[in-house]
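For reference, the chains in residue letters:
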Amino acid sequence: MAKARTFYYCRECGYQSSSWLGKCPSCGKWNTFDEEVVQKETAGSKQKAKGSTMSTPKLIQHVMYSQTTRMPTYCAEFDRVLGGGIVPGSLLLIGGEPGIGKSTLLLQTALAMQDKRILYVSGEESEEQIKMRADRVVSAPTDIAGEQESTGCYVVSETSMEHIFEHIEAVQPDLVIVDSIQTVNTELIESGSGSISQIRECTTQFQRYAKESGVPVLLVGHITKDGTLAGPKVMEHIVDAVLQFEGDRNYGFRILRALKNRFGSTAEIGIFEMRGSGLSEVSNPSELLLAHRDEELSGTAVAATLEGGRPMFIEVQSLVSSAVYGTPQRNANGFDMRRMNMLLAVLEKRCGFKLGAKDVFLNMAGGMRVNDPALDLAVACSILSSNVDMPISPRLCFAAELGLSGEVRPVSRIEQRIGEADRLGFERIFVSKYDAKSIDRSRYHIQIVSVGVIEEAFRELFS
Ligand code: TYD
Ligand code: MG
């Protein structure tokens, strides 16, 4: 007879305790413990588990694996993030805010993989809703040869773990998609679906299934308010790859990035655009976010950034105005606030920017969020431009980091950035003088302006 026991789990890190605690000894957060009733496995099932599989240690040079393994998704951007397709037997987790397009991406992928049998399990939508979405996305350019029946995509609306495995048994798919792991619940655990022990148990079950059968499983995971994947960190440890789908919901662009990938690089990103007919791939992101304006406006500067090895040119916009109230307002969209405050302090010290008396608003065009230090110089110059109300030419771009003492620092892969700026027809690019030394200027038409400190850039631009 199964025995029920109560455990307390930390919502933040999954720490387990037999009694309620105010502060988690593992992550130090307060008031994060939830009570959960866990049904203990019976002695019989334990024994079965013990005797099920036993592996023997092998010499590493004797371990064999087959070459032609990865399963292409027929979506170049998705494949790029995965590292060239889905590895058999892998368990992948895709996270993202609600409404960002996780279900759309996975359904489109399922429909595009026509040569495979796919089981799409949804705990959030009915079969009719899935079909409606499928009709909407297949009318898009990626046409599915006229009729739906030709695809091997089976859909089922289901939340019970045990039933899902029955469906898997019946369909014998090549790929399983579960949307979302938070809606799945197993009878083994008494607490409700979405609770930490449920998520952990179900993820572990899928992992076991994937490893034993060689069928990859894609899980959708919800994200909490503060941007972390809902559920304990343990889920991220269990899965082979954690992909994050992000973007500003008010804009069309979506970025898929790997936070963890056992089978590929985490530096690659996939870029998509959400249209009325689903997600479409964006293969040349560098030009996408440039407004191609003719008039010169103050407060705008173009940054030559790299995202996952791909150049992306972003328009940085800022607005500086006199603070009406005692405390000046600061706001940054798509840029780290603390970094902005640091840059403002550098500007105050080096360029006579009166920090305390100004409101500063910063915005990355297109709702992009980029974590490239090479944005610094463009951000600083756009703030200065708005402050003195003098425009920066739209045919000018920036690629350098700014140090605390106002020094303009070199950035990675400068040649690639300059090459792309040249290709896009920019006339001048501002780089660090330390980067400029190594550049072969004869290869480019673009004029390369090298600066050592921020004052030099300021003088060059506005005097
Ligand atoms: P969805 O995939 O349901 O998001 P998630 O599963 O991450 O919660 O995407 C929902 C949003 O995408 C919805 O707000 C509408 C938009 N959308 C389009 O703009 N075009 C489309 O073709 C589809 C299917 C959705
Ligand atoms: Mg969804």
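Residues numbered from 1 in each chain as written. Chains lettered and ligands numbered in written order. Predicted model: local features only at pLDDT ≥ 70, side-chain atom pairs only at ≥ 80, totals over all residues. Heavy atoms only, no water.

Trainee: Explain the nonpolar core to me, please; I cannot follow it from the model alone.
Mentor: Most often, soluble globular proteins keep nonpolar side chains buried together rather than apart. Ranked by size, the top nonpolar core spans 48 residues in total, and within it F335, L377, V379, F398 and F430 carry the most contacts. Ranked by the residues each element gives to this core, the list is headed by helix α10 (residues 376-388), at seven residues. When residues of this core are assigned to domains, at least three map to each of domain 2 (68-283) and domain 3 (288-462). The contact partners of F430, leaving out residues within four places of it in the chain, are L377, L396, C397, F398, A399, V449, V451, A457, E460 and L461. With 33 residues, the next largest nonpolar core counts M71, I100, V138 and I177 among its residues. (Core = buried A, V, L, I, M, F, W, Y, C linked by side-chain atoms within 4.5 Å. Buried < 20%, exposed > 50% of the residue type's maximum accessible area, 1.4 Å probe, protein only. Helix = DSSP H or I, 4+ residues; strand = E, 2+ residues; numbered from the N terminus. Domains from an automatic or database assignment. Contact = heavy atoms within 4.5 Å.)

Trainee: How should the confidence of the model for the chain be read in this particular structure?
Mentor: Should the pLDDT be low somewhere, the predicted coordinates at that spot are not to be read in detail. This prediction gives the chain a mean pLDDT of 85; 90% of its residues lie at or above 70. Per-element confidence in the chain ranges from a low mean pLDDT of 47 for helix α1 (residues 43-52) to a high of 96 for strand β18 (residues 401-402). In the model, residues 43-51 has pLDDT below 50 throughout and makes one contact with residues more than four positions away in sequence or in other chains. The model gives residues 140-149 a pLDDT under 50, and that stretch makes 15 contacts with residues more than four places away or in other chains. (pLDDT = per-residue confidence, 0-100.)

Trainee: Would you take a moment to explain empty space enclosed by the protein for this structure?
Mentor: Space left empty within the atom packing is revealed by a probe, the size of a water molecule, rolled over the atoms. The full count for this structure, using the stated rule, is one cavity of 30 Å³ or more. If you trace the largest cavity, you find it lined by R70, L82, G85, I86, V87, S90, L92, A241, N261 and F263. Its residues placed into classes, the lining of the largest cavity shows six nonpolar, three polar and one charged. (1 Å grid on protein atoms, 1.4 Å probe; cavity = no way out; pocket = protein on both sides within 12 Å on 5 of 7 lines; lining within 4 Å. Points joined across faces, edges and corners; volume = space filled by probe spheres on them. Nonpolar A, V, L, I, M, F, W, Y, C, P; charged D, E, K, R; others polar.)

Trainee: Where do I start with the pairing of strand β14 (residues 310-322) in this structure?
Mentor: Along any regular strand, the residues point their side chains to alternate faces of the sheet. With eight bridges joining them, strand β13 (residues 300-307) and β14 adopt antiparallel strand pairing. Residue pairing in the sheet places V302 in a bridge with E315 of β14. Between the end of β13 and the start of β14, which pair antiparallel, lie two residues, with G308 showing a positive phi angle near 55°. (Pairing = 2+ DSSP bridges.)

Trainee: What exactly am I supposed to notice about helix α9 (residues 337-351) here?
Mentor: Since the α-helix packs 3.6 residues into each turn, any two residues three or four apart lie on the same face. Relative to the 21 Å expected for 15 residues at 1.5 Å per residue, α9 spans 20 Å between its end C-alpha atoms, a close match to the ideal helical length. Among the residues making up α9, those that are buried are M340, L343, L344, V346, L347 and C351. One side of α9 carries all its buried residues, which in axial view fall inside an arc of 160°. Exposed and oriented more than 90 degrees from the buried face of α9 are R338 and K349. For α9, the secondary structure elements touched by its buried residues are β15 (330-333), β16 (358-364), α10, β18 and α13 (454-462). Among the residues trailing α9, G352 stands out with phi positive, at a value near 65°. (Expected span 1.5 Å × (residues − 1). Arc of directions from axis to C-beta.)

Trainee: Help me understand the packing of aromatic side chains in this model?
Mentor: Two aromatic rings are characterised by how far apart their centres lie and by the angle between their planes. Evaluated as defined, the whole model comprises eight aromatic pairs. When the ring of F7 is compared with that of Y9, the centres are 6.5 Å apart and the planes differ by 50°; the resulting orientation is tilted. For the pair F7 and Y9, one class covers both residues: buried. Each ring, one from Y15 and one from F33, has its centre 6.4 Å from the other, and the planes form 90°; the classification is edge-to-face. Highlighted residues: Y15 in the loop between β1 (4-10) and β2 (16-17) and F33 in strand β3 (residues 33-39), separated in sequence by 18 residues. What links up through ring pairs into an aromatic cluster is the set F165, F206 and Y209. (Phe/Tyr/Trp six-rings, centres within 6.5 Å; stacked < 30°, edge-to-face > 60°.)

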